[in-house]
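Single-letter residue listing:
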Amino acid sequence: MKDRKREFRIFTIVEYEKEQEYLRERHNNGWKLVHLTFPGFYLFEACEPEDVVYQLDYHKEGLGSQASYVQMFKDCGWEYLFDFMGYSYVRKSMATMQGEEEIFSDDSSRLDFIDRVFKGRMIPLLILFLLVILPQTILQGSFSGSHFNHALFFLYLVLLVLYISIIIRFAVQYHTLKHRT
């Protein structure tokens, strides 16, 4: 049996809980996360199957306070793994927990997390959407003739649908969480 394997998975900004569950399932099956590379290549290492909770945080302070940020997780019994595209990955064995533990203890702290993601990820996506994707889709749709123009229009149409779906999913999750608090 191989002691390392790679899996390709894409999780959108709003699917952090699905990603956490995916990582927990892998660990339950004897594969612990050791690394992640763009655009979604997960590197796992063989381990003893164990119920381990994975959590993600979007670190608003940046690398300036990285040491104290990592120490905060260690003090609470979480193993800090790495940062990837602004998200910090931590894990903790269920055997060491007193029930279900999360790094966000209430809906208010989850909402703060979503706010940080919105400011760090969604605002740039919205700007890109409004200044590039939407205008280019309209522009390419108004041209006729060559196969190249049709291909560009199709590409921008796919991007338009992808961006709209991400924006709607984020808005629904944000709205749901905001009304729970």
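For this particular structure, what's the right way to read the environment of Gln 71?
Among the secondary structure elements, Gln 71 is positioned in helix α2 (residues 66–75). A distance of 2.7 Å separates polar atoms of two side chains, one belonging to Gln 71 and the other to Asp 75.

Is there a simple way to explain the sheet that holds strand β3 (residues 41–46) in this structure?
What links the strands of a sheet is backbone hydrogen bonding, and the strands pair in either a parallel or an antiparallel sense. A sheet is described by the order of its strands in space; here 3 strands give the open sequence β1-β3-β2, paired in antiparallel fashion. The open sheet has two free edges, formed respectively by β1 (4–8) and β2 (31–37), since each of these has just one partner strand. If you compare each strand with its neighbour and ignore which way they point, the axes differ by 30° on average. On top of the sheet, helix α1 (residues 16–28) reaches β1, β2 and β3; it is set at about 25° to β3, its chief contact.

Sorry, what's going on with the pattern of salt bridges here?
Pairs can form between side chains of opposite charge once their charged atoms are near each other. With the rule as written, the count across this model stands at 6 salt bridges. Between Arg 24 and Asp 51 there is a salt bridge whose closest N-O contact spans 2.7 Å. Of this pair, Arg 24 sits in helix α1 while Asp 51 sits in the loop between β3 and β4 (52–58), and the two are 27 residues apart along the sequence. Relative accessible area serves as the criterion here: at 28%, Asp 51 is assigned to the partly exposed category. Here the salt bridges share partners, and the residues they tie into one network are Arg 4, Lys 32 and Glu 45.

Would you explain the environment of Ile 164 in this entry?
Mapped onto the fold, Ile 164 is located in helix α4 (residues 147–180). Overall, the relative accessible area of 34% leaves Ile 164 in the partly exposed class.

Where do I start with the layout of surface pockets in this structure?
Any empty space left between atoms is shown by rolling a water-sized probe over those atoms. The volume enclosed by the largest pocket comes to roughly 660 Å³. Lining the largest pocket are 22 residues, and of these Ile 10, Phe 11, Thr 12, Ile 13 and Met 85 lie nearest its centre. Secondary-structure elements contributing two or more residues to the lining of the largest pocket are α1, β6 (87–93), α3 (107–142) and α4. The leading source of residues in the lining of the largest pocket is α4, at 3 residues. Classifying every residue of the lining of the largest pocket gives 17 nonpolar, 2 polar and 3 charged.

Whenever I open this one, the packing of aromatic side chains confuses me. Can you help?
Geometry of an aromatic ring pair is reported as the spacing of the ring centres plus the angle between the planes. Evaluation of the coordinates by the stated rule reveals 8 aromatic pairs. Judged by centre distance (6.2 Å) and plane angle (90°), the rings of Phe 11 and Tyr 42 are edge-to-face. Taken together, the residues Phe 11 in the loop between β1 and α1 and Tyr 42 in strand β3 connect sequence positions 31 residues apart. You'll find Phe 11 and Tyr 42 in the same group, each marked buried. Here a set of aromatic residues connected by ring pairs shows up, and it is made of Phe 11, Tyr 22, Tyr 42 and Phe 44. Directly above the aromatic system of Tyr 22 lies the positively charged group of Arg 9, at a separation of 4.6 Å from the ring centroid.

Explain the sheet that holds strand β5 (residues 79–84) here, please?
Spatial ordering of the open sheet is given by β4-β6-β5, a layout of 3 strands whose pairing is antiparallel. The sheet is open, and its two edges are formed by β4 and β5, each paired on a single side. On average, adjacent strands in this sheet sit at an angle of 25° to one another, irrespective of strand direction. Pairing of β4 with β6, which is carried by 7 bridges, proceeds in the antiparallel orientation. Looking at β6, one finds that Gln 55 is bridged to Val 90. Relative to the sheet, α2 contacts β4, β5 and β6, its axis offset from that of β5 by approximately 140°.

Calculation notes
- Starting afresh in each chain, residues are numbered from 1 along the sequence in its written order.
- Only residues with pLDDT of at least 70 are given local features in this predicted model, and only at 80 or more are side-chain atom pairs given and counted; all residues enter the totals for whole chains, interfaces and linings.
- As a convention, hydrogens and water are excluded, and side-chain values are obtained from all of the structure's heavy atoms.
- For the purposes of this entry, the term helix denotes a DSSP run of H or I that reaches at least four residues, the term strand denotes a run of E that reaches at least two, and both are numbered from the N terminus.
- Side-chain atoms alone can form a polar contact between residues adjacent in sequence; in general such a contact is a pair of N or O atoms within 3.5 Å, and within protein one must be able to donate a hydrogen while the other accepts it.
- Think of it this way: DSSP has to see at least two bridges between two strands before they count as a pair.
- Lines fitted to the C-alpha atoms define the axes, with helices restricted to the stretch that makes contact. Angles between their N-to-C directions range from 0 to 180 degrees.
- Every residue pair with non-hydrogen atoms within 4.5 Å of one another is taken to be in contact.
- Each salt bridge in this description consists of a side-chain nitrogen of Lys or Arg and a carboxyl oxygen of Asp or Glu lying within 4 Å of one another.
- Relative accessible area decides the class of each residue, using a 1.4 Å probe on protein chains only: under 20% of the type maximum gives buried, over 50% gives exposed, and in between gives partly exposed.
- Put plainly, a pocket is an open set of points on a 1 Å grid over the protein atoms alone with protein on both sides within 12 Å along at least five of seven lines, a cavity is a set where a 1.4 Å probe fits but cannot get out, and a lining residue has an atom within 4 Å of a point.
- Grid points are joined across faces, edges and corners, and a volume is the space filled by probe spheres set on the points.
- Under the scheme applied here, ten amino acids are nonpolar (Ala, Val, Leu, Ile, Met, Phe, Trp, Tyr, Cys and Pro), four are charged (Asp, Glu, Lys and Arg), and all others, including Gly, are polar.
- Whether two aromatic rings pair depends on their centres lying within 6.5 Å, for rings of Phe, Tyr and Trp, where Trp uses its six-membered ring; planes under 30 degrees apart make the pair stacked, over 60 edge-to-face, and the rest tilted.
- Both a distance and an angle decide whether a charge sits over a ring: NZ of Lys or CZ of Arg must be within 6 Å of the ring centre and within 35 degrees of the ring normal.

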